[in-house]
Amino acid sequence: MVARNKQVRQQELTALIETEPFLTDEELAERFAVSVQTIRLDRLSLGIPELRERIKAVANNNYGKVRSLELTEVIGELIELDLNHLAISILEIGPEHVFTRTKIARGHHLFAQANSLAVSVIDAEVVLTGTADVRFTRQVKLGERLISKAVVADNREDRACVDVATKVGDDIVFEGQFVVFKNK
């Protein structure tokens with residue numbers, strides 16, 4: 001009975017990671033009501049890489065599509081890109097992103113992630129930020145994972161309007177509307 005449960009769990013784990021590749025081991029353990037160690041052992045036996053490696057694999061496939069920025073200029077890991085429509089990136093907040101005393105993320109990192117996403121989603125050789133109307137809605141702490149989504153709201157020949165929302169879990173922590181100018 002134990003082997004069957006393990007086999008079924010591993011099949012379900014494989015299917016879940018295929019549909020939601022950015023779940024942490026902790027989130028997977030909670031969903032399957034097992035320990036984090038059990039999830040890690042299951043991943044290891046199934047040959048499923050850890051979250052960081054899964055994110056990098058998806059991101060590497062998207063970086064080649066970006067025309068307006070170099071790989072090193074995109075802030076966060078670019079996990080989805082549909083040029084002139086939608087882009088999504090993930091940024092893990094580490095010690096280099098926070099104030100030492102409070103462990104709260106510096107706002108310019110949130111802005112940089114959103115701005116680089118607004119620029120990279122546009123299919124043009126040169127894309128520059130013209131204006132940005134932004135709002136920080138809650139503080140972000142060390143260890144939190146930012147998921148930023150850019151949606152092209154209006155795309156004209158010389159400029160585009162891109163709406164960006166950044167979340168930690170279900171909480172919106174940053175919102176911005178970027179007007180970017182482009183040269184083909």
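Going by what an unreviewed UniProt entry lists, the protein is known as DeoR-like protein with HTH domain and is assigned to Tumebacillus permanentifrigoris.

Draft legend 1. Broad picture of the overall build of the protein. In terms of regular secondary structure, the protein is built from five helices and six strands. C-alpha atoms of the protein, sized along the principal axes, occupy 65 × 40 × 25 Å. Looking at the protein as a whole, 40% of its 184 residues are labelled buried. Sequence-distant contacts in the protein: of pairs separated by 6 or more residues, those separated by 24 or more amount to 59%.

Draft legend 2. Inspection of the sheet that holds strand β3 (residues 126-136) at higher detail. Read from one edge of the open sheet, six strands run β1-β2-β4-β5-β6-β3, paired in antiparallel fashion. The sheet terminates laterally at β1 (77-82) and β3, the two strands that pair on one side only. Neighbouring strand axes in the sheet, compared pairwise and without regard to direction, differ in orientation by 20 degrees on average. Contacts between helix α5 (residues 107-120) and the sheet are confined to β1, β2 (86-92), β3, β4 (145-155), β5 (159-168) and β6 (171-183), with β6 contributing the most and set at about 45 degrees to the helix.

Draft legend 3. Highlighting the domain arrangement of the protein. By the assigned domains, the protein splits into domain 1 (6-61) and domain 2 (72-183). Centre-to-centre, using C-alpha coordinates, domain 1 lies 27 Å away from domain 2. Both faces considered, domain 1 and domain 2 share a buried interface measuring about 620 Å² in area, 60% of it formed by carbon and sulfur atoms. Our count for the domain 1 to domain 2 interface comes out at one salt bridge. Across the pair Glu27 and Arg145 runs a salt bridge whose closest N-O atoms are separated by 3.4 Å. Here domain 1 is connected to domain 2 by one residue pair in polar contact (both at pLDDT 80 or more). A per-element tally of the side of domain 1 that touches domain 2 places helix α4 (residues 51-63) first, with six residues. Grouping the constituent residues of the side of domain 1 that touches domain 2 by class yields five nonpolar, one polar and three charged.

Draft legend 4. Molecular detail of the nonpolar core. Counting 31 residues, the largest nonpolar core has Ile122, Val140, Leu146, Val162 and Val180 as its most contacted members. Contributions of two or more residues to this core are made by β1, β2, α5, β4, β5 and β6. Listed in part, the nine residues of the second largest apolar core include Ile17, Leu28, Ile39 and Ile48.

Draft legend 5. Structural view of the pairing of β6. Here ten bridges tie β3 to β6, and the two strands are oriented antiparallel to one another. If you follow Thr131 over to β6, its bridge partner there is Val179. Judged from the ten bridges that link them, β5 and β6 form a sheet pairing that is antiparallel. Note that in β6 the partner of Ala165 across the bridge is Glu175. Once β5 ends, the chain turns through two residues before running back antiparallel as β6, passing Gly169 with a positive phi of about 65 degrees.

What counts and what doesn't
Residues numbered from 1 in each chain as written. Predicted model: local features only at pLDDT ≥ 70, side-chain atom pairs only at ≥ 80, totals over all residues. Heavy atoms only, no water. Helix = DSSP H or I, 4+ residues; strand = E, 2+ residues; numbered from the N terminus. Buried < 20%, exposed > 50% of the residue type's maximum accessible area, 1.4 Å probe, protein only. Contact = heavy atoms within 4.5 Å. Pairing = 2+ DSSP bridges. Axes fitted to C-alpha atoms, helices over the stretch in contact; angles between N-to-C directions. Domains from an automatic or database assignment. Buried area = accessible area lost by both parts, 1.4 Å probe. Salt bridge = Lys/Arg side-chain N within 4 Å of Asp/Glu carboxyl O. Polar contact = N/O pair within 3.5 Å; in protein donor to acceptor, adjacent residues only side chain to side chain. Nonpolar A, V, L, I, M, F, W, Y, C, P; charged D, E, K, R; others polar. Core = buried A, V, L, I, M, F, W, Y, C linked by side-chain atoms within 4.5 Å.

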